[in-house]
Amino acid sequence: MVVLISGNGSNLQALIDDIAEHKIAAEIVAVISNKKDVYGLERAAQADIASHVVSHKDYATREDYDTQLNSVIASYSPDLVVLAGFMRILTPWFVEQFTGKMLNIHPSLLPKYKGLDTHQRAIDAKDEVHGASVHFVTPELDGGPVVLQSKVPVYSDETASQLASRVQEQERQMYPLVVRWFCQKRLLMLNNKAYLDGNEIPSTGYAPD
Ligand code: NHR
Ligand code: GAR
């Protein structure tokens, strides 16, 4: 698999660790960041994984950027592309190169709070429950079929960063599990729907409780 990051890379680390412990039968062949000097690149180096910086600042248009990103990824012929805190919207053309082979983890209980600033939006809405979703990536931003959701309570008076850190603790558990399913060929996307072991996954994800 190829993992795309933009920052800290704690989800990347969770995958590196589960692969090292043989919980996931896969190899991370490359890590790509759109930002230089981020800690996730250090994590890749420490795990002896090839890494590339493809900076969006070097390209005039999203199409030019995605063309370059695609050619770097395609050079590895991955079976799976994992977005792990990757912060650039991808063009429909790019996404279609990897239909059914690209996963994202989004920090909200989709379909709530697509896009950015999800933790603050959940607090502002006085939600009692928040969380994260793993979904297949489709051209519609944060709109692809959900595979798994994890919920956390929202405490009164907590800050967005306190809430984010509890959501991220869940993310580090759930993302490797979904990647493991994919690598076991138990998980697939067909006609914009996600299936686990041949059963369609409900829109709230597998095991909604
Ligand atoms: N691309 C497509 N086509 N479909 C998805 O579902 C995608 C995607 C690209 C990224 C991750 C997503 C998230 O989990 C993701 C899903 C970035 C933005 C964004 O607005 C929104 C959603 C996601 C990632 N990015 C700004 C942009 O102009 C830049 C923001 C920044 O650099 O801080 O690209 O949340
Ligand atoms: C995660 O919480 C992930 O859900 C979120 O960024 C964080 C990355 O953490 N993703 C997005 O907001 C995508 N737009 P990490 O770099 O430590 O894995």
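Let me sum up the structure you'll find in this document. (Residues numbered from 1 in each chain as written. Chains lettered and ligands numbered in written order. Predicted model: local features only at pLDDT ≥ 70, side-chain atom pairs only at ≥ 80, totals over all residues. Heavy atoms only, no water.)

### Considering the overall build of the protein chain
Part 1 of the argument: Helix and strand counts for the protein chain come out as six helices and 10 strands.
Part 2 of the argument: Computed over its C-alpha atoms, the radius of gyration of the protein chain comes to 16 Å, within 12% of the 17 Å expected for a compact globule of 209 residues.
Part 3 of the argument: Along the first, second and third principal axes, the C-alpha set of the protein chain runs to 45 × 40 × 35 Å.
Part 4 of the argument: Buried residues in the protein chain amount to 49% of all 209 residues.
Part 5 of the argument: Element-wise, carbon and sulfur atoms account for 48% of the exposed surface of the protein chain, whose accessible area totals about 10600 Å².
Part 6 of the argument: Where the 19 positive side-chain charges of the protein chain centre and where its 26 negative ones centre are 2 Å apart. (Helix = DSSP H or I, 4+ residues; strand = E, 2+ residues; numbered from the N terminus. Rg over C-alpha atoms; globule rule 2.2 N^0.38 Å. Buried < 20%, exposed > 50% of the residue type's maximum accessible area, 1.4 Å probe, protein only. Areas by Shrake-Rupley, 256 points an atom, 1.4 Å probe, with all protein chains shown as cover. Lys, Arg positive; Asp, Glu negative; His and termini not counted. Charge placed at Lys NZ, Arg CZ, Asp CG, Glu CD.)

### Notes on the layout of surface pockets
Part 1 of the argument: There is about 860 Å³ of room inside the largest pocket.
Part 2 of the argument: Lining of the largest pocket is provided by 35 residues; of these, Gly85, Phe86, Met87, Ile105 and Pro107 occupy positions nearest its centre.
Part 3 of the argument: Sorting the residues of the lining of the largest pocket by element identifies helix 1 (10–20), strand 5 (102–106), helix 5 (118–124) and helix 6 (160–183) as the ones contributing at least two each.
Part 4 of the argument: Looking at the lining of the largest pocket, the element that brings in the most residues is strand 5, giving three residues.
Part 5 of the argument: Looking at the second largest pocket, its volume works out to about 320 Å³.
Part 6 of the argument: Lining the second largest pocket are 16 residues, with Asp79, Leu80, Phe182, Cys183 and Lys185 positioned closest to its centre.
Part 7 of the argument: Every element with two or more residues in the lining of the second largest pocket is listed here: helix 6 and strand 8 (187–190).
Part 8 of the argument: Taken together, the residues that form the lining of the second largest pocket break down as 11 nonpolar, one polar and four charged. (1 Å grid on protein atoms, 1.4 Å probe; cavity = no way out; pocket = protein on both sides within 12 Å on 5 of 7 lines; lining within 4 Å. Points joined across faces, edges and corners; volume = space filled by probe spheres on them. Nonpolar A, V, L, I, M, F, W, Y, C, P; charged D, E, K, R; others polar.)

### Overview of the site of ligand 2
Part 1 of the argument: Taken together, the residues surrounding ligand 2 are Asn8, Gly9, Ser10, Asn11, Gly85, Phe86, Met87, Ile105, Pro107, Gln168 and Glu171.
Part 2 of the argument: The separation between an oxygen atom of ligand 2 and a polar side-chain atom of Gln168 is 3.1 Å.
Part 3 of the argument: Between ligand 2 and Glu171, the relevant distance is 2.8 Å, taken from an oxygen atom to a side-chain nitrogen or oxygen of the residue.
Part 4 of the argument: Isolated, ligand 2 exposes 450 Å² of accessible area, and the fraction of that covered by the protein chains is 87%.
Part 5 of the argument: A molecule is said to occupy a pocket when more than half its atoms come within 2 Å of that pocket's grid points, and by this definition ligand 2 occupies the largest pocket.
Part 6 of the argument: Every element with two or more residues in the shell around ligand 2 is listed here: helix 1 and helix 6.
Part 7 of the argument: Of the residues assigned to the shell around ligand 2, the class counts are four nonpolar, six polar and one charged. (Near = heavy atom within 4 Å. Polar contact = N/O pair within 3.5 Å; in protein donor to acceptor, adjacent residues only side chain to side chain. Sits in = over half its atoms within 2 Å of the grid points.)

### Quick word on the packing of helix 1 against helix 6
Part 1 of the argument: It is the contact of helix 1 with helix 6, at a shortest axis distance of 9 Å, that shows an interaxial angle of 55°. Taken together, helix 1 and helix 6 sit at an angle that is classed as oblique. Pair helix 1 / helix 6 crosses with right-handed handedness. Packed against helix 1, whose contacting residues are Ser10, Asn11, Ala14, Leu15 and Asp18, the element helix 6 presents Glu171, Arg172, Tyr175, Pro176 and Val179 at the interface.
Part 2 of the argument: When the residues that make up the contact of helix 1 with helix 6 are grouped by side-chain class, the tally is five nonpolar, two polar and three charged. (Axes fitted to C-alpha atoms, helices over the stretch in contact; angles between N-to-C directions. Parallel < 35°, antiparallel > 145°, perpendicular 65-115°, else oblique. Left-handed = near helix turned anticlockwise from the far one by under 90°. Contact = heavy atoms within 4.5 Å.)

### Topic: helix 1
Part 1 of the argument: Within helix 1, eight of the 11 residues are buried, which leaves the element mostly enclosed by the surrounding structure.
Part 2 of the argument: For helix 1, every residue scored as buried is listed here: Ser10, Asn11, Leu12, Ala14, Leu15, Ile16, Asp18 and Ile19.
Part 3 of the argument: At its buried positions, helix 1 is contacted by strand 1 (2–5), strand 2 (30–33), helix 2 (39–46), strand 4 (81–83), strand 5 and helix 6.

### So, the pattern of salt bridges
Part 1 of the argument: Scanning the entire structure with this criterion turns up six salt bridges.
Part 2 of the argument: Close ionic contact of Asp37 with Lys36 constitutes a salt bridge, the shortest N to O distance being 3.8 Å.
Part 3 of the argument: According to the relative accessible area criterion, Asp37 is exposed, its value standing at 71%.
Part 4 of the argument: Between Asp197 and Arg186 there is a salt bridge, and its shortest N-O distance comes to 2.8 Å. In this pair, Asp197 sits in the loop between strand 9 (193–196) and strand 10 (199–200) while Arg186 sits in the loop between helix 6 and strand 8, placing the two residues 11 residues apart along the sequence.
Part 5 of the argument: Here Asp197 falls in the partly exposed class, since its relative accessible area comes to 44%. (Salt bridge = Lys/Arg side-chain N within 4 Å of Asp/Glu carboxyl O.)

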